[in-house]
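# Chain and residue survey
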Protein chains: 2
Amino acid sequence: MEETKLQMLEPKTKVGLVIVLTGRGKGKTTSALGMALRAVGHGMKVCIIHFMKGDMYSGEQTSIKKLAPYVELHLTGKGFCGIQGNPYPYKEHRANAQEAIRIAQEKIFSGQYDLVILDEISNAVRLKLVDLPQVIELIDGKPPLMHLVLTGREAHEEVIRRAHTVSEVNEIKHAFRQGIEPQKGIDY
Amino acid sequence: MEETKLQMLEPKTKVGLVIVLTGRGKGKTTSALGMALRAVGHGMKVCIIHFMKGDMYSGEQTSIKKLAPYVELHLTGKGFCGIQGNPYPYKEHRANAQEAIRIAQEKIFSGQYDLVILDEISNAVRLKLVDLPQVIELIDGKPPLMHLVLTGREAHEEVIRRAHTVSEVNEIKHAFRQGIEPQKGIDY
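These remarks concern the structure in this document. (Residues numbered from 1 in each chain as written. Chains lettered and ligands numbered in written order. Predicted model: local features only at pLDDT ≥ 70, side-chain atom pairs only at ≥ 80, totals over all residues. Heavy atoms only, no water.)

## Description of the overall build of chain A
So the rule is basically this: Helix and strand assignments come from DSSP, with helices taken as H or I runs of at least 4 residues and strands as E runs of at least 2, each series counted from the N terminus. The buried label goes to any residue with under 20% of its type's maximum accessible area, the exposed label to any with over 50%, and the partly exposed label to all in between, with areas taken from a 1.4 Å probe on protein chains only. In this analysis, two residues are considered to be in contact whenever any of their non-hydrogen atoms come within 4.5 Å of each other. Only the protein chains shown count as cover for residues, and the accessible areas themselves come from Shrake-Rupley with a 1.4 Å probe.
Within chain A one finds six helices and six strands. When the helices and strands of chain A are listed from N to C terminus, the series reads β-α-β-α-β-α-β-α-α-β-α-β. Counting every position in chain A, which comprises 188 residues, the buried fraction comes to 56%. Once local pairs closer than 6 in sequence are excluded, the contacts in chain A between residues at least 24 apart make up 79%. Of the roughly 7900 Å² of accessible surface on chain A, 53% is carried by carbon and sulfur atoms.

## Re the sheet that holds strand β4 (residues 115-119) of chain B
Keep this limit in mind: Being paired, for any two strands, means DSSP has found at least two bridges between them. Fitted lines through C-alpha atoms give the axes, limited to the stretch in contact for helices. The angle between two N-to-C directions lies from 0 to 180 degrees.
Overall, mixed pairing links the twelve strands, which are arranged β3(A)-β2(A)-β4(A)-β5(A)-β1(A)-β6(A)-β6(B)-β1(B)-β5(B)-β4(B)-β2(B)-β3(B) in an open sheet. In this open sheet, the two edge strands, each paired with only one partner strand, are β3 (71-75) of chain A together with β3 (71-75) of chain B. For this sheet the average axis-to-axis angle between neighbouring strands, irrespective of direction, equals 15 degrees. In the packing of helix α5 (residues 132-141) of chain A onto the sheet, the strands contacted are β1 (18-22), β4 (115-119) and β5 (147-151) of chain A, and the crossing angle to β5 of chain A comes to about 155 degrees.

## Description of the environment of Arg-161 of chain A
All names here are of chain A. Note the following rule: Any N or O atom pair separated by 3.5 Å or less is treated as a polar contact, with the protein-specific requirement of one donor-capable and one acceptor-capable atom, and with residues adjacent in sequence counted only for side-chain atom pairs.
Of note, Arg-161 is situated in helix α6 (residues 157-162). Relative accessible area serves as the criterion here: at 56%, Arg-161 is assigned to the exposed category. As for Arg-161 and Thr-30, which are separated by 131 residues in sequence, their C-alpha atoms are 23 Å apart. Within the structure, the side chain of Arg-161 is placed 3.1 Å from the side chain of Glu-158, a separation counted as a polar contact.

## Notes on the relation of the copies chain A and chain B
Test applied: Alignment of the copies relies on least squares applied to C-alpha atoms, considering only residues that score at least 70 for pLDDT in both.
When chain A is fitted to chain B, the residual RMSD is 0.0 Å, and the transformation amounts to a turn of 180 degrees plus an axial shift of 0.0 Å. Those values place the two copies in the arrangement expected of a two-fold rotation axis. An overlap of 99% is found between the interface residues of chain A and their copies at the interface of chain B, pointing to a shared contact surface.

## Considerations on empty space enclosed by the protein
All names here are of chain A. We apply this condition: Only protein atoms enter the calculation, which uses a 1 Å grid: trapped sets of points that fit a 1.4 Å probe without letting it out are cavities, open sets showing protein on both sides within 12 Å along at least five of seven lines are pockets, and any residue with an atom within 4 Å of a point is a lining residue. Grid points are joined across faces, edges and corners, and a volume is the space filled by probe spheres set on the points. Under the grouping applied here, Gly and all other residues not named as nonpolar or charged are polar, the nonpolar ones being Ala, Val, Leu, Ile, Met, Phe, Trp, Tyr, Cys and Pro and the charged ones Asp, Glu, Lys and Arg.
This structure, assessed with the given rule, holds two cavities of 30 Å³ or more. The space that makes up the second largest cavity amounts to roughly 30 Å³. As for the second largest cavity, its lining consists of Ile-121, Ser-122, Val-125, Val-135, Leu-150, His-156 and Val-159. Here the lining of the second largest cavity is composed, by residue class, of five nonpolar, two polar and no charged.

## A word on the pairing of β5 of chain A
Residues and elements named next belong to chain A. Counting buried positions along β5 gives five out of five residues, so the element sits mostly inside the fold. Every second residue of β5 is oriented toward a common face, with His-147, Val-149 and Thr-151 on one face and Leu-148 and Leu-150 on the other, all of them buried. Pairing of β1 with β5, which is carried by four bridges, proceeds in the parallel orientation. Counted as the bridge partner of Leu-21 is Thr-151 from β5.

## Considering the interface of chain A and chain B
The following threshold applies: As used here, buried area is the combined drop in accessible area, with a 1.4 Å probe, of two parts when they are placed together.
Taken together, the contact pairs 73 residues of chain A with 73 residues of chain B. Note on chain A versus chain B: buried area summed over both sides is about 6800 Å², and carbon and sulfur give 58% of it. Our enumeration of links across chain A and chain B arrives at 39 residue pairs in polar contact (both at pLDDT 80 or more). Looking at the side of chain A that touches chain B, the elements that each hand over two or more residues are α1 (28-41), α2 (58-66), α6 and β6 (165-173) of chain A. Here the residues of the side of chain A that touches chain B sort into 30 nonpolar, 24 polar and 19 charged. Two elements, β6 of chain A and strand β6 (residues 165-173) of chain B, share seven bridges in a ladder whose sense is antiparallel.

## Structural notes on the nonpolar core
Put simply, the rule reads: In these notes, a set of buried Ala, Val, Leu, Ile, Met, Phe, Trp, Tyr and Cys residues joined through side-chain atoms within 4.5 Å is what counts as a nonpolar core.
If you look at the biggest cluster of nonpolar residues, it comprises 48 residues, and the most contacted ones within it are Val-46 and Ile-48 of chain A together with Val-46 and Ile-48 of chain B. Formed by 32 residues, the second largest nonpolar core is a distinct cluster that contains Val-18, Ile-121, Val-135 and Val-166 of chain A.

## Focus: the pattern of salt bridges
All names here are of chain A. Threshold: The salt bridge definition used is simple: a Lys or Arg side-chain nitrogen within 4 Å of an Asp or Glu carboxyl oxygen.
One pass over the full model with this rule turns up 22 salt bridges over all chains. Between Arg-162 and Asp-140 there is a salt bridge, with the nearest N and O atoms lying 3.0 Å from each other. Of the two residues, Arg-162 sits in helix α6 while Asp-140 sits in helix α5, which places them 22 residues apart along the sequence. Residue Arg-162 is classed as partly exposed on the basis of its relative accessible area of 25%.

## Considering α5 of chain A
Of the positions making up α5 of chain A, those classed as buried are Leu-132, Gln-134, Val-135, Ile-136, Leu-138 and Ile-139 of chain A. Contacts from the buried residues of α5 of chain A go to β1, α3 (90-110), β4, α4 (121-126), β5 and α6 of chain A.

## Concerning the environment of Ile-172 of chain A
The topology assignment puts Ile-172 of chain A in strand β6. In this structure Ile-172 of chain A comes out as partly exposed when scored by relative accessible area, which is 44%. Once you skip the residues sitting within four places of it in the chain, Ile-172 of chain A turns out to touch Val-166 and Glu-168 of chain B.

## Here's the deal with the packing of α3 of chain A against α5 of chain A
Residue and element names in this part refer to chain A. This is how it is decided: In these notes the angle categories are as follows: under 35 degrees is roughly parallel, over 145 is roughly antiparallel, 65 to 115 is roughly perpendicular, and the rest is oblique.
Two elements in contact, α3 and α5, have axes whose closest approach is 10 Å; the angle formed by their N-to-C orientations is 10 degrees. The orientation of α3 with respect to α5, classified from their angle, is roughly parallel. Residues Gln-98, Ile-101, Ala-104, Gln-105, Ile-108 and Phe-109 of α3 lie in contact with α5, whose contacting residues are Gln-134, Glu-137, Leu-138 and Gly-141. Residue composition of the contact of α3 with α5, grouped by class: five nonpolar, four polar and one charged.

Right, here's the structure in full:
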């Protein structure tokens, strides 16, 4: 590997991008994790805030600890809301997502991070756990050079309108539909 | 975080999945990197083999070193073939991709890995740098419990037929088309 070649792509104009990962397919959160990994390789400071999930982040948690102090992970969710027989009431999900918004405001407006990932925030909007204006405020008010990644299916059009890059992940096939249980290291 | 809850999803039946990430949108390689990160969190052994790219993997390289000895990274490509004014001749790209196939065979058939990622292999097939039967041999001959991830746009239908999970990443918007240069930590 020729290390000397690796710095050649420093952009002349730095832009803090707004990136939206949406769609129903597998790979949105995973892609955001990959972005965190890549950013850490450049010595950038990353903050990941989950809006929906809780119990399932076992692999990620352990890995992310290996990337400390460059990556901070905030888990506020309590599992999936409204699906998979999740026992928590709406009120509790809303309170959790609102706590995530509070953390996101604090972290984003602190100016201390190069990359902030709001994982599953679009799901949280769709399920009315956070309000669209709260998300818009984060996007419009972020530090100009900070990258912001928002994941979750069915991203709101107002969010898409503000994004520089939007990728939609569609499911062509899924192991789950073939009766295969979630697998360690892949699904969680 | 309640650590005690995190092991609850151990599947009754372990399956080594074949996962295909395809489509033209941003996030296929990034998603594969995220999978590597997740797998490492479970103490799984990961091998990533790139088929097409070379010079641009700066962020990833540094990060992946932080995950050693759990993740091995093999870069054999010499930049993009046929686009971006890449100066290397086809013969050299083919030789590089064939070296990647040789490494993939060695690593996959060794049975020493829990997850192998063949990054941009579908591009390599499309550009005739590797032959479809070489890819099919890897899929059909892999250890049953090893997960195999194949990325690259326009995955071949024979590859898709063999996959458990196929996600297609489509580009809805891209910063590049708004005249924004590739940004460190996001694009490389």
